[in-house]
Amino acid sequence: MTPRPSRRAALGQLAAGSLAACSGAGGSREALRFWAMGREGEVAQALMPAFERANPGVRVEVQQLPWSAAHAKLLTAFAGGDLPDVCQIGNTWLAEFVALGALERLDGRVATSAVVAPGEDFPGIWATNIVSGRLYGIPWYVDTRLLFYRRDLLARAGWDAAPRTWAQWLSAMEAVKALVGAGGYAALLPLNEYEPLLTLALQQDDPLLRDGGGRGNFRGPGFRRALAFYEEIFRRDLAPPVSETQIGNLYDEFARGYFSFYVTGPWNLGEFRRRLPPARQAIWMTAPMPGPAGPGAGIAGGASLVVVRTSRRKDAAWRLIEYLSRPEVQGRFYALTGDLPPRRDAWNDAPLAGDIKAAAFLDQLGRAKPAPAVPEWERIATEMQSVAEQMVLGRLGLDAAVLEMDRRADRLLEKRRWMLARGAGAAP
Amino acid sequence: MRGGGAGWAFVAPALAIIGVFFFAPVAAAFALSLTDFDIYALADLRNIRFVGLGNYGELLANPLFWQAVGNTLYFVILGVPLSICASLGAALLLDSRLARFKAFFRTALFAPVVTTLVATAVIWRYLLHTRYGLIDAAMGAIGVAPIDWLGDPRWAMPAIVLFAVWKNFGYNMIIFLAGLQTIPEDLYEAARIDGASAARRLWHVTLPSLAPVILLVSLLTFAGYLQLFAEPYVMTQGGPARSTVSVLYFMYEQGFKWWNLGMASAVAFLLFALMLAVSMVQLAVARRRGVA
């Protein structure tokens, strides 16, 4: 059976065995329940046989959730006491599930683990798994937003390398805009996505929330600089004031030269390769996000693996996380999904090591910074973008915009302030 | 009153069931709508606060809620008349003495009602596809530029209306058909003898005789269409640009996406008030015309 069963695991198996005997169904091995989303859920299944061979006492049951319904499904499962043993979780959701008390602390297990090595992970990504100084998740794959650009158009506009600072980026955009003329633009920053603006904001030293995450800090000088730069791009007519849905086919428009800079994430490495014809693969390249002075920070995104606090199979759950964290398994996971691995040592092997278009991600992930770890963050970011959209469309000035963002953030954080004031320990 | 005890004893089981499964949940939901039940309260019930009518006030001040109300009314105002006309038209055709294969057509036209919404929605997504869809291809054949039905905020709701009408008209058609068959033949005969044309017979005989049925159908359809949810959930996820977020979809987002159950319950009661108001107006109009 299990190599070295703890008493608890043994008891769990006993209970499970008798349950299985009662129902008369299934084998002698209780399934370890693992929930994963979207494409990762499909691929996880293919990674399980090797794990089960190495752990003969464990059978893993992978349940695939669609991304669009995953968040609601996890909350509902929590309310119904039906969460699985191990779960994939978007790292922006972590604070919320920690606030619910749904997740197991992992500090102790990491300290004694021979596989999970915090030093190998990108520090900004690792930090997204820490709430109030405690570790609750292990990164599974990572994500950040950076520049995809038209190398050929940039070269024709006189730029042999991608811009590295905001000032360079502005002049590169001006040069491209002059080249393509009135029918085109230099950049695409879709108005319905908060990530481009958030990336600019994270490049500043000021925090986005103040008072221990109790109030918005959008009126602070750092965010104002980021927003002013964002506005400048639209005011100079360098980017079209549109949402992504209004673009039609993004890849066609990029190939046509309608825009030359696009701030987006790693899944588009695969999409650009698939959707642009082979003969035109040389026209595009990636680069780290320009910062106020030299390459700047980016969003620390991605997904983590967590152990559910109420699980009765925590040891097996942890072994599964360890298995999925091994560099060679992460390499295979990348080959199957295109999801970037969180460990630097997994980047040393082919195909990632030789991929010059993925290299910008490796570079920028080293500077990735987490968004504020409060459960309300996703909604605050959505409100931030909706106000920024109003500003770009000319309905609000910069000063009014930052005040409005603060007002909306403060309203969303009202409950959190009340809880902080009460001194309730649950608030992360 | 004599025998009152026995009467109460007989209805007691039914009353108990209604009480437990209807009135108790409704009362609990109303109580919930007066609190700020959210994920913090889910973690620990001590984190719940009584906020009185605060949720209602916040909703009425929330432009996204009003957008959802607007979207829902747009759907209802476009969808209900279309749906009733389609049902009535199909019922008249089926009721006509010239019609052949009545049983076959009745079944065929009723089929969308009994098929699974999710399955038909998937097929409709193909039909409405900009590049591969039959609908845009057919419009292209007569020289109309293709429409990005589900991707364009201006067209997404009309596309949902089209789908919903197709999905639902069969049900009302059956009710209308039953109503048509109760109209005495001698009324038509008398009208014909007086020289009334087919159009005048429809206007002066069929429609007045059907009035109670039309009232019933419009009440049911209004109530059903105000609860628009599954169609946008499956077809557009509320998008593009929130143009297909209905009141119920908004409630779903509040309740199950953000877990603001207090707020979601308040949405439910506001929707109930809206539906009650619409039904009252309909009944009042019907009463003035002497139908009900």
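Computed from a predicted structure; not experimentally measured.

The rules we used
- Residues numbered from 1 in each chain as written.
- Chains lettered and ligands numbered in written order.
- Predicted model: local features only at pLDDT ≥ 70, side-chain atom pairs only at ≥ 80, totals over all residues.
- Helix = DSSP H or I, 4+ residues; strand = E, 2+ residues; numbered from the N terminus.
- Rg over C-alpha atoms; globule rule 2.2 N^0.38 Å.
- Buried ≥ 20, exposed ≤ 12 C-beta atoms within 10 Å, placed from the backbone.
- pLDDT = per-residue confidence, 0-100.
- Contact = placed C-beta atoms within 7 Å.
- Nonpolar A, V, L, I, M, F, W, Y, C, P; charged D, E, K, R; others polar.
- Pairing = 2+ DSSP bridges.
- Domains from an automatic or database assignment.
- Axes fitted to C-alpha atoms, helices over the stretch in contact; angles between N-to-C directions.
- Core = buried A, V, L, I, M, F, W, Y, C linked by C-beta atoms within 7 Å.
- Parallel < 35°, antiparallel > 145°, perpendicular 65-115°, else oblique.
- Left-handed = near helix turned anticlockwise from the far one by under 90°.

Student: Please give an account of the overall build of chain A that cites residues and values.
Tutor: Within chain A, the secondary structure is distributed over 18 helices and 13 strands. Taking 22 Å as the expected radius of gyration for a compact globule of 428 residues, we find that chain A reaches 23 Å, a close match to that expectation. Dimensions along the principal axes, computed over C-alpha positions, put chain A at roughly 75 × 55 × 35 Å. Counting the 428 residues in chain A, one finds 46% classified as buried.

Student: Kindly report on the overall build of chain B, identifying the contributing residues and their values.
Tutor: Helices and strands together make up the secondary structure of chain B, namely 13 helices and 0 strands. The helix and strand sequence of chain B, counted from the amino end, reads α-α-α-α-α-α-α-α-α-α-α-α-α. Each principal axis of the C-alpha distribution contributes one length, and for chain B these read about 75 × 75 × 35 Å. Considering chain B as a whole, with its 292 residues, one finds that 30% of them fall into the buried category.

Student: So what's going on with the confidence of the model for chain B? Which residues, and what values?
Tutor: All names here are of chain B. Summary statistics for chain B give a mean pLDDT of 91 and a share of 98% for residues scoring 70 or more. Confidence, read as mean pLDDT per element, is least for helix α2 (residues 39-43) in chain B (87) and greatest for helix α4 (residues 63-95) (95). In the predicted assembly, ipTM is 0.72 and pTM is 0.80.

Student: Quick one: what's the story with the interface of chain A and chain B, residue by residue and with numbers?
Tutor: Residue-level contacts link 18 residues of chain A with 16 residues of chain B. Ranked by residues supplied to the side of chain A that touches chain B, first place goes to helix α3 (residues 67-79) of chain A with 6 residues. The class makeup of the residues in the side of chain A that touches chain B is 9 nonpolar, 6 polar and 3 charged.

Student: Now, about the sheet that holds strand β11 (residues 261-264) of chain A: what can you tell me, with residues and values included?
Tutor: Residues and elements named next belong to chain A. Pairing in this open sheet of 4 strands is mixed, and the strands run β8-β11-β7-β12 from one edge to the other. In this open sheet, the two edge strands, each paired with only one partner strand, are β8 (187-188) and β12 (284-287). Bridge count for strand β7 (residues 146-150) against β11 is 4 bridges, and the pairing is antiparallel. Bridge pairing in β11 links L147 to V263.

Student: Explain the domain arrangement of chain A residue by residue, including any values.
Tutor: Residue and element names in this part refer to chain A. The domain boundaries assigned to chain A delineate domain 1 (7-15 + 27-144 + 300-365) and domain 2 (146-298 + 377-412). Computed over C-alpha atoms only, the centres of domain 1 and domain 2 are separated by 30 Å. Counting from both sides, the interface comprises 12 residues of domain 1 and, opposite them, 14 residues of domain 2. In terms of residues, the side of domain 1 that touches domain 2 owes the most to one element, helix α15 (residues 359-365), which gives 4 residues. Across the side of domain 1 that touches domain 2, the residue classes break down as 5 nonpolar, 4 polar and 3 charged.

Student: Residue-level account of the pairing of β11(A), with values.
Tutor: Residues and elements named next belong to chain A. Because side chains alternate across β11, one face comprises the buried residues F261 and V263, and the other comprises Y262 and T264, equally buried. As defined by bridge partners, β8 adjoins β11 across 2 bridges and the pair is classed as parallel. Note that in β11 the partner of L188 across the bridge is Y262.

Student: Residues and numbers for the sheet that holds strand β6 (residues 138-143) of chain A, please.
Tutor: All names here are of chain A. A sheet is described by the order of its strands in space; here 5 strands give the open sequence β2-β1-β3-β13-β6, paired in mixed fashion. The strands lining the two open edges of the sheet, one partner per strand, are β2 (59-65) and β6. Between one strand axis and the next, the sheet turns by 20 degrees as a mean value, whatever way the strands run. The sheet contact formed by strand β3 (residues 86-90) and strand β13 (residues 301-307) spans 5 bridges and is antiparallel. Note that in β13 the partner of C87 across the bridge is V306. Those strands touched by helix α13 (residues 314-325) are β1 (31-37), β2, β3, β6 and β13, and its axis lies near 150 degrees from that of β13.

Student: Please set out the nonpolar core residue by residue, giving values where relevant.
Tutor: One finds A187(A), L320(A) and V267(B) to be the most contacted residues of the largest nonpolar core, which totals 177 residues. When residues of this core are assigned to their parent elements, the largest contribution, 12 residues, is made by helix α8 (residues 156-181) of chain B. Mapped onto the domain boundaries, this core takes at least three residues apiece from domain 1 (7-15 + 27-144 + 300-365) and domain 2 (146-298 + 377-412) of chain A. Beyond its immediate stretch of four places on either side in the chain, L320(A) contacts L32(A), F34(A), F51(A), V60(A) and V86(A).

Student: Hey, could you go over the packing of helix α10 (residues 221-235) of chain A against helix α17 (residues 398-412) of chain A for me, with residue numbers and the actual values?
Tutor: Between two packed helices, the angle of one axis relative to the other and the distance separating the axes together describe the packing. Residue and element names in this part refer to chain A. Here α10 crosses α17 at 125 degrees, and the two axes come no closer than 11 Å. Judged by the angle between their axes, α10 and α17 are oblique. Along this stretch, α10 crosses α17, giving a crossing that reads as right-handed. Between α10, through F223, R224, L227, A228 and E231, and α17, the contact on the second element is made entirely by L398, A401 and V402.

Student: Now, about the environment of G137(A): what can you tell me, with residues and values included?
Tutor: Residue and element names in this part refer to chain A. Here G137 shows up in the loop between β5 (134-135) and β6. What makes G137 buried here is the crowd of 27 C-beta atoms within 10 Å. In this structure, the C-alpha to C-alpha distance between G137 and L106, residues 31 residues apart in sequence, is 7.0 Å. When sequence neighbours within four positions are dropped, the list of residues in contact with G137 reads I89, N91, L94, N129, S304, L305 and V306.

Student: Break down the packing of α10(A) against helix α16 (residues 377-392) of chain A for me, citing the residues and quoting the values.
Tutor: All names here are of chain A. Running from amino to carboxyl end, α10 crosses α16 at an angle of 45 degrees, the nearest separation of the two axes being 10 Å. The angle between α10 and α16 places the two elements in the oblique class. Relative to α16, α10 is oriented so that their crossing is right-handed. Across the interface between the two elements, L227, Y230, E231 and F234 from α10 touch A388, M391 and V392 from α16.

Student: Can you lay out the environment of M37(A) for me, pointing to particular residues and giving the numbers?
Tutor: Residue and element names in this part refer to chain A. If you trace the backbone, M37 turns up in strand β1. Here the alpha-carbon distance between M37 and A69, two residues 32 residues apart in the chain, equals 9.3 Å. If near-sequence neighbours (up to four positions away) are discounted, M37 is found in contact with L65, W67, A70 and Q88.

Student: Let's hear about helix α9 (residues 195-202) of chain A: which residues, and what values?
Tutor: Residues and elements named next belong to chain A. Counting buried residues along α9, 8 of its 8 residues qualify, which places the element largely inside the surrounding structure. Here α9 has its buried residues at E195, P196, L197, L198, T199, L200, A201 and L202. Where α9 is buried, its residues touch α10, β11 and α16.

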